[in-house]
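# Report on the structure
Chain residues, written in single-letter form:
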Amino acid sequence: MADEKDNDRFPGTDRTNHRPVYVVGGGPGGLAAAAALRGRGVRAVVLEKSESVGASWRRHYDRLHLHTTRRLSALPGLPMPRSFGRWVSRDDVVRYLEKYAEFHELEIVTGVEVSRIEPAGGEWLLHATGGRELTGRAVVVATGHNHTPRLPDWPGRETYGGELLHARDYRDPAPYAGKDVLVVGVGNTGAEIAVDLVEGGAARVRLAVRTVPHIVRRSTAGWPAQRTGILVRRLPVRLVDKAGALMSRVAVPDLAAQGLPRPDTGLYSRVRQGAIPVQDVGLIDAVRAGRVEPVAALESFDDGKAVLADGTRISPDTVIAATGYRRALEGLVGHLGVLDEQGRPVVHGGRTPKQAPGLYFTGFTNPISGMLREMAIDARRIAKALA
Ligand SMILES: Cc1cc2nc3c(=O)[nH]c(=O)nc-3n(C[C@H](O)[C@H](O)[C@H](O)COP(=O)(O)OP(=O)(O)OC[C@H]3O[C@@H](n4cnc5c(N)ncnc54)[C@H](O)[C@@H]3O)c2cc1C
């Protein structure tokens, strides 16, 4: 394990050269950055709060497969094996991350949570579990876009007698067989859990929708939606919005009668606001067949019932909140003035904030071209900047 004493092993030499770069977080973003740094001869030490790499992926629901292709989801320096197939399963993502750390011989310290990062005379001081104080020549923050579940504080929540859980705690549909379930939120997670519940034998599945999503086919005639995302990424937003609307009319049936009208804001405009389109892995068919019923947004609970935005009161056995996550970076770096009003870092990849040179971020952008691909690009840029 690397510890603070490492910095003092070489008295009389340029100590800075011996300071490692600390990478906070052992998910794909952190591992990619560490591997890219190592590839350029820079010592990187990954600090991971859980007991293993890829902690987020180990927790995801069983059914999950990447909706980005195997090839376009690989991290620098190690392709994913062909045997994983085109749409890689959750378990194979975990296997890949384990292999990745081993293959690149990454230095990883598990069970260490970093709580605060501070500048220290041109270097960076990290406060971590057990009173540790670690000094690095630079820091890469890779603690994850999906860090802390966001559970809205619905009024009257305490009156609800059924089961209320966040999507993070959903694993498989077995516990919900024969039950009436309300899934709240129609991002990729909510859409996929709703379909999983239907296929797993839930008696009734309703999907509470606040903002109607853009739905795209994961691939059309063998062409993955992600590739289109990569191609159009630098084009003007209005142009992509128009093309998106046209493509959607061709590829996706009108579900207005079932409660999912086409959105009136363009696809790319929504991506720019942080909402990536829903990739269809069964939602369209399930909604058409009436097996997933879109309903109005959940507003509150009253007298044990769920109250929807249109005034409907329903009594599901279970409410699953697929309501997203918070970055939760405030405690770590909020005092450094490096976050925007939504709590996201103001820079990513090879750039560092003007007032915080040496502080890098990866994994906090959610581009149409795929996050894993973006983190691979960020990793190379960070390594280049630091080498
Ligand atoms: C359900 C789901 C499906 C997704 N599917 C795709 C997909 O198909 N394609 C795609 O490109 N992207 C996908 N993503 C988005 C993204 O690629 C993943 O979320 C990916 O895991 C992000 O990697 P990361 O390293 O930034 O964060 P994470 O994987 O969340 O890793 C962060 C790590 O940091 C650790 N950590 C957090 N705080 C601290 C701390 N203070 N100190 C020490 N360690 C800490 C955590 O334990 C964790 O191991 C998906 C996301 C979700 C939620």
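Residues numbered from 1 in each chain as written. Predicted model: local features only at pLDDT ≥ 70, side-chain atom pairs only at ≥ 80, totals over all residues.

Residues in contact with the ligand amount to 34 residues; listed here are only the nearest, Gly 25, Gly 27, Gly 29, Gly 144 and Gly 363. Elements supplying a minimum of two residues to the shell around the ligand: helix H2 (28-39), strand E2 (44-48), helix H3 (55-59) and helix H11 (371-386). In terms of residue class, the shell around the ligand is built from 12 nonpolar, 19 polar and 3 charged. (Near = placed C-beta within 6 Å. Helix = DSSP H or I, 4+ residues; strand = E, 2+ residues; numbered from the N terminus. Nonpolar A, V, L, I, M, F, W, Y, C, P; charged D, E, K, R; others polar.)

Core analysis: the largest hydrophobic core is formed by 58 residues, its most contacted members being Val 23, Leu 31, Ala 33, Val 139 and Val 140. Filtering out sequence-adjacent residues up to four positions away, Leu 31 remains in contact with Gly 26, Val 46, Val 53, Leu 75, Leu 97, Tyr 100, Ala 101 and Leu 106. (Core = buried A, V, L, I, M, F, W, Y, C linked by C-beta atoms within 7 Å. Buried ≥ 20, exposed ≤ 12 C-beta atoms within 10 Å, placed from the backbone. Contact = placed C-beta atoms within 7 Å.)

With that settled, consider the sheet that holds strand E9 (residues 163-166). Spatially, 5 strands are ordered E9-E20-E10-E11-E16 in an open sheet, and the strand pairing comes out parallel. Because the sheet does not close on itself, it has two edges, and the strands there are E9 and strand E16 (292-296). Across the sheet, the mean angle separating the axes of adjacent strands is 25° when strand polarity is ignored. (Pairing = 2+ DSSP bridges. Axes fitted to C-alpha atoms, helices over the stretch in contact; angles between N-to-C directions.)

Turning our attention to the pairing of E2. Burial analysis of E2 places 5 of its 5 residues in the buried class, the great majority of the element. Taking every second residue as pointing to the same face, both faces of E2 are buried, with Ala 44, Val 46 and Glu 48 on one and Val 45 and Leu 47 on the other. Traced from strand E1 (residues 21-24) through H2 to E2, the parallel crossover comes out right-handed. Inspection of the sheet shows E2 paired to strand E3 (residues 107-110) by 4 bridges, in the parallel sense. In the sheet register, Leu 47 faces E3, and the bridge partner there is Val 109. (Right-handed = clockwise from strand over helix to strand, strands pointing away.)

Turning next to the confidence of the model for the protein. Across the protein, pLDDT averages 93, with 96% of residues at or above 70. Every residue in residues 1-16 is under pLDDT 50, and counting partners more than four places away or in other chains gives 19 contacts. (pLDDT = per-residue confidence, 0-100.)

Now for the packing of H2 against helix H4 (residues 90-103). Their axes nearest at 10 Å, the elements H2 and H4 cross at an angle of 20°. On the basis of the axis angle, H2 is roughly parallel to H4. Considering how the two elements wind past one another, H2 and H4 form a crossing that is left-handed. Along its contact with H2, which presents Pro 28, Leu 31 and Ala 35, the element H4 presents Leu 97, Tyr 100 and Ala 101. Among the residues making up the contact of H2 with H4, the classes are represented as 6 nonpolar, no polar and no charged. (Parallel < 35°, antiparallel > 145°, perpendicular 65-115°, else oblique. Left-handed = near helix turned anticlockwise from the far one by under 90°.)

Turning next to the environment of Asp 196. By secondary structure assignment, the location of Asp 196 is in helix H5 (residues 188-199). In this structure the C-alpha to C-alpha distance between Asp 196 and Ser 300, which are 104 residues apart in sequence, comes to 25 Å. If we ignore the near neighbours within four places in the chain, the residues touching Asp 196 are Arg 63 and Pro 173.

Counted at 1.5 Å a residue, the expected span for H11 with its 16 residues is 22 Å, and the 22 Å between its end C-alpha atoms agrees. Burial of H11 is extensive: 12 of the 16 residues sit out of reach of the surface. Those residues of H11 that sit buried are Met 371, Leu 372, Arg 373, Glu 374, Met 375, Ala 376, Asp 378, Ala 379, Arg 380, Ile 382, Ala 383 and Leu 386. The secondary structure elements touched by the buried residues of H11 are E1, H2, strand E7 (138-141) and strand E22 (359-361). (Expected span 1.5 Å × (residues − 1).)

Here we come to the sheet that holds strand E19 (residues 313-314). With antiparallel pairing, the 3 strands of this open sheet are ordered in space as E17-E18-E19. Edge strands, defined here as strands with exactly one partner in the open sheet, are strand E17 (298-302) and E19. Direction of pairing for E17 relative to strand E18 (residues 305-308): antiparallel, over a ladder of 4 bridges. Note on E18: the bridge partner recorded for Leu 298 is Leu 308.

The pairing of E9 with strand E20 (residues 318-321) spans 4 bridges and is parallel. Of the residues in E20, the one forming a bridge with Leu 164 is Val 319. With 4 bridges connecting them, strand E10 (residues 180-184) and E20 associate as parallel partners. Each residue of the ladder has a partner; that of Leu 182, found in E20, is Val 319.

If you check H5, its first and last C-alpha atoms are 17 Å apart, about what 12 residues at 1.5 Å a residue would give, namely 16 Å. Burial runs high along H5: 10 of the 12 residues are buried. For H5, the set of buried residues is Thr 189, Gly 190, Ala 191, Glu 192, Ile 193, Ala 194, Val 195, Asp 196, Leu 197 and Val 198. Taken together, the buried residues of H5 touch E10, strand E11 (204-209), strand E15 (278-280), helix H9 (283-288), E16 and E20. Following H5 by one or two positions, Gly 201 has its phi on the positive side, about 95°.

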